[in-house]
Amino acid sequence: MTVSRDKVVTLTYELRNAGGDLVDTATHEQPFAFIHESGMTLPDFDRNLSGLKAGDEFNFVLSAQEGYGEVEEEAIVAIPKSIFDGPDLPDNLLIVGNVLPMQDQNGNPLNGKIVAIAEDTVMMDFNHPLAGSSLHFTGKILEVREATPQEIDHGHVHAGGHDH
Ligand SMILES: [Zn+2]
């Protein structure tokens, strides 16, 4: 069976950024499983795996555009320091480099990275951490199987006793 639409693919991978740093990994002990071409993964990630079968290794590079896009200046914004005041918030929250869980105007969760701190504002970068970077994937296909109708319906993989 080869990797194609609506197959459950289980694989190991290592992801390196443009600088060659290892930024994400899925090991043999804790592999990554997803439904191919279901929108769970980057479309160009899926495309590069199409046609492979269990035991095949892969090694490919996605451009930033195929990955998480270019860095958007508009996604770096000044936030009033006052919103970080609160009895439940830790003292060491506001440190350059910290990544904090935030919300957009619609209440959707997104992470913001502190890039600068001024007197009354905090500059936060809401770009994806891998925006502007190519993505170098290497790894191995462990298993390819048909997704069950329930998995396709739910949009996720059922494994290891996951039940509803
Ligand atoms: Zn489910």
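Quick notes on the rules
Residues numbered from 1 in each chain as written. Predicted model: local features only at pLDDT ≥ 70, side-chain atom pairs only at ≥ 80, totals over all residues. Core = buried A, V, L, I, M, F, W, Y, C linked by C-beta atoms within 7 Å. Buried ≥ 20, exposed ≤ 12 C-beta atoms within 10 Å, placed from the backbone. Helix = DSSP H or I, 4+ residues; strand = E, 2+ residues; numbered from the N terminus. Domains from an automatic or database assignment. Pairing = 2+ DSSP bridges. Axes fitted to C-alpha atoms, helices over the stretch in contact; angles between N-to-C directions.

1. Examining the nonpolar core
Stage number 1. In this structure, Val-3, Val-8, Val-9, Ile-35 and Ile-141 are the most contacted members of the largest nonpolar core, which totals 15 residues.
Stage number 2. Those elements that provide at least two residues to this core are β1 (7–16), β3 (32–35), α1 (43–49) and β9 (135–146).
Stage number 3. Ranked by residues supplied to this core, first place goes to β9 with four residues.

2. A few points about the domain arrangement of the chain
Stage number 1. Its domain assignment divides the chain into domain 1 (7–68 + 131–154) and domain 2 (73–125).
Stage number 2. On a C-alpha basis, the centres of domain 1 and domain 2 stand 31 Å from each other.

3. Quick look at the sheet that holds strand β6 (residues 99–103)
Stage number 1. One open sheet accounts for four strands, arranged β5-β8-β7-β6; its pairing is antiparallel. Looking at the sheet topology across the chains shown, the edges are occupied by β5 (76–80) and β6. Averaged over all pairs of adjacent strands, the angle between strand axes in this sheet comes to 45°, irrespective of strand direction.
Stage number 2. Here β5 pairs with strand β8 (residues 121–125) via five bridges, running antiparallel. From the neighbouring strand, Val-77 faces β8, where its bridge partner is Met-124.

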